[in-house]
Amino acid sequence: MVDLAVVGAGPAGATTALLAARHGANVALFDPTSKDADKPCGEGIMASGVDALSALGVDDLHELGRPFSTIRYRVPGAAPLEVALPRAGLAL
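Residues numbered from 1 in each chain as written. Predicted model: local features only at pLDDT ≥ 70, side-chain atom pairs only at ≥ 80, totals over all residues. Heavy atoms only, no water.

## Digging into the confidence of the model for the protein chain
The predicted model of the protein chain has a mean per-residue pLDDT of 86, with 90% of residues at 70 or higher. Within the protein chain, the element-level pLDDT minimum falls on helix α3 (residues 61-64), averaging 78, and the maximum on strand β1 (residues 4-7), averaging 96. (pLDDT = per-residue confidence, 0-100. Helix = DSSP H or I, 4+ residues; strand = E, 2+ residues; numbered from the N terminus.)

## Describing the sheet that holds strand β3 (residues 44-45)
If you trace the three strands from one edge of the open sheet to the other, you get β3-β5-β4, paired in antiparallel fashion. Taken across any chain shown, the strands that pair with only one partner, and hence form the sheet edges, are β3 and β4 (66-73). Of the pairings in the sheet, the one linking β3 to strand β5 (residues 81-91) comprises two bridges and is antiparallel in character. Looking at the pairing, Ile-45 lines up with Leu-90 of β5. Docked against the sheet, helix α2 (residues 47-55) engages β3 and β5, running at close to 5 degrees with respect to β5. (Pairing = 2+ DSSP bridges. Contact = heavy atoms within 4.5 Å. Axes fitted to C-alpha atoms, helices over the stretch in contact; angles between N-to-C directions.)

Printed below as a string of structure tokens:
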């Protein structure tokens, strides 16, 4: 038995599940997995996202991740474009 089923473990779903569990709800978090997924998701968190996770009490991220201060865009047939960020994000 669960009090809340959350479908989708992206930023909104994971936050909803975390906060509900912290308030005493029995939570089940579901996230579909595709065998055909050809890219990682959620591995780079921008500075504002790191701030939001810290506000949720997930402070061990800095120990688990590596800061990054630029983003590099690659387009076939063009030179890579590297953009400096105003504040570092965190790669997990």
